[in-house]
Amino acid sequence: MTTPIPLQHFVGGRWATGAGEPLRSVSPARPDIVVAEGATSTVADVVDAVTAAADAGARWARTPMHQRGAVLAAAAAIVEQRADEWGLELAVEEGKTRAEGVGEVTRAAQVLRFFAGESDRETGEVYASPRAGEQILVTHRPVGVVGMITPFNFPIAIPAWKIAPALVYGNTVVWKPAGPVPLLAMRLAQALESAGLPAGVLNLVYGENEVGTAIVEHPGVQAISFTGSTTVGRRIAAAAAGRGVPVQAEMGGKNAAVVLDDADFDLAVDQVMLGAFRSAGQKCTATSRLILTPGIADRFLAALAERARALVVGDPAEDRTEMGPVITEAARQRITAAVAAIENGTVVAGGEPYTDELRARGHFIAPTVIEVDGSADIWTDELFGPVLAVRRAGDAEAALTLAAESEYGLSAAVFTQDLTRALDVIDRLDVGVLHINSETAGADPHVPFGGAKSSGLGPREQGRAAREFYTQTTTVYLRGGRSGA
Ligand code: UN1
């Protein structure tokens, strides 16, 4: 991939170059390589996109759900067929490893296929009526035009899990992906177009805040789904509340892994490594806090340090690479500065800049493990990078209390072989996703995904839970039309 791929936005069924600023995505591993090139969209393009989505809406909503699902199924087949190629593009543009990139594209196909199947499942409820000759139905109707703003870190899977339910339930979409990953957004839109999606049903625009704000504030946008930081999510929610529009926001995380004395040692080390360093820690579900109890702490930290130092960090396109760069130079500097600012911590692994040519020029950060002996910014603040903060707790109770002490509540992992303990944890941790004996990240397409506390706002995503956000119900009191019947 040496020639930049031309980027076009997709508005009203037409591919075109936006009239905004030049838009370039670069490889975070090799920042001198331009991956894709075009221009951002303008506020006028957003207005056109909303108009197109609104115009297409009535017809799409009337299209039988099985036909809408068939478009998603066809798109799933296309995405799956291109998984190797687009997975490599994803790795080059976003920086996660090629294996993770291919995995993510495959996952997008699974998501599309899951929602394609919605048309074969029940679409509402029927209740008994206290009155004779009546049934009460609850039907689900589309919300209308949904605005979507998606993050850089899962450039095809997260958009798929917003767009697929929106479309199958009969909504139309105006979507702005994160600035650094326009290519994978274009790929998903291309797949849906090739699958037969009618013009205007999905509109893709590029840009930064101005374009995002134009979507959020447009009176024709009837719901907004966002994934990104808590700060931005709350700003969007406030703006949407002002217009009386529902928001679903998946936001930050500071997810703890708790490794108790009785854990399976090797399994816990493997899983904590994956949770902390896959995608260079750039997942809202990544493991960024580790809590250890006394019987296991020293041995665990030693093993983790050894594994972190041995992790193969390099060009994500190469097969042997286990961890790539972070997304931008600004991210690299922000994360590195946060690590450098720690006063009461002991660096167990990482913490030093790379000096070899590839990794000094790309946005690389060594996998970093830091033990802190009390609260510290790196213990409380989401860094979104390959940095794991560690604390020791006096016993299992104290460890779980420490895990719960966070403003965030996205995911947590507890490593134990004590079933009684595990059952207690299920009721007591205020998180949206809980892993017992597996890493904090991961989200299957068929089950609810989302967070508690500052991590989430509005209904859950994925699985059948997605219907709550992408539809509105009508409660129908249904009687026959003849008296006495
Ligand atoms: C995962 O853990 O595989 O932005 C998915 C994020 C989350 C998705 C995580 N919304 O990282």
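So, a few notes on the structure that sits alongside this text. Computed from a predicted structure; not experimentally measured.

Parameters at a glance
Residues numbered from 1 in each chain as written. Predicted model: local features only at pLDDT ≥ 70, side-chain atom pairs only at ≥ 80, totals over all residues. Heavy atoms only, no water. Salt bridge = Lys/Arg side-chain N within 4 Å of Asp/Glu carboxyl O. Helix = DSSP H or I, 4+ residues; strand = E, 2+ residues; numbered from the N terminus. Buried < 20%, exposed > 50% of the residue type's maximum accessible area, 1.4 Å probe, protein only. Pairing = 2+ DSSP bridges. Near = heavy atom within 4 Å. Polar contact = N/O pair within 3.5 Å; in protein donor to acceptor, adjacent residues only side chain to side chain. Areas by Shrake-Rupley, 256 points an atom, 1.4 Å probe, with all protein chains shown as cover. Nonpolar A, V, L, I, M, F, W, Y, C, P; charged D, E, K, R; others polar.

**Section: the pattern of salt bridges**
Then comes step 1: A complete count under the given rule lists 25 salt bridges for this structure.
Then comes step 2: Taking the shortest distance from any N to any O, the salt bridge between Arg479 and Glu134 comes out at 2.7 Å. Pair noted here: Arg479 is in strand E23 (residues 471-479) and Glu134 is in strand E7 (residues 134-142), with a separation of 345 residues, a long-range link.
Then comes step 3: Arg421 is the partner of Glu397 in a salt bridge, and the nearest nitrogen-oxygen pair spans 3.2 Å. Of this pair, Glu397 sits in helix H14 (residues 396-404) while Arg421 is found in helix H15 (residues 419-428), placing the two residues 24 residues apart along the sequence.

**Some details on unusual backbone geometry**
Excluding glycine, most residues fall at negative phi; most peptide bonds, likewise, are trans.
Then comes step 1: Even without glycine at this site, Ser279 takes up a positive phi of about 55°.
Then comes step 2: Positionally, Ser279 belongs in the loop between helix H9 (265-277) and strand E14 (287-292).
Then comes step 3: By relative accessible area, which is 4% here, Ser279 ends up buried.
Then comes step 4: Notably, Ala280 is not glycine yet its phi reads approximately 50°, a positive angle.

**A word on the sheet that holds strand E1 (residues 5-6)**
Then comes step 1: Reading across from one edge, E1-E5-E4 is the order of the 3 strands in this open sheet, with mixed pairing throughout. Edge positions in the open sheet fall to E1 and strand E4 (22-26), since each of these has one partner strand only.
Then comes step 2: Bridge count between E1 and strand E5 (residues 34-39): 2 bridges; the pairing is parallel. Residue pairing for E5: Ile5 is matched across the bridge by Ala36.

**Quick look at the site of the ligand**
Then comes step 1: Residues in close proximity to the ligand total 13 residues, the closest being Arg107, Asn153, Cys284, Thr285 and Gly442.
Then comes step 2: In this structure, an oxygen atom belonging to the ligand sits 2.6 Å away from a main-chain N or O atom of Cys284.
Then comes step 3: In this structure, an oxygen atom belonging to the ligand sits 2.7 Å away from a main-chain N or O atom of Gly442.
Then comes step 4: Here the ligand loses 98% of its free accessible area of 320 Å² to cover by the protein chains.
Then comes step 5: Taken together, the residues that form the shell around the ligand break down as 7 nonpolar, 4 polar and 2 charged.

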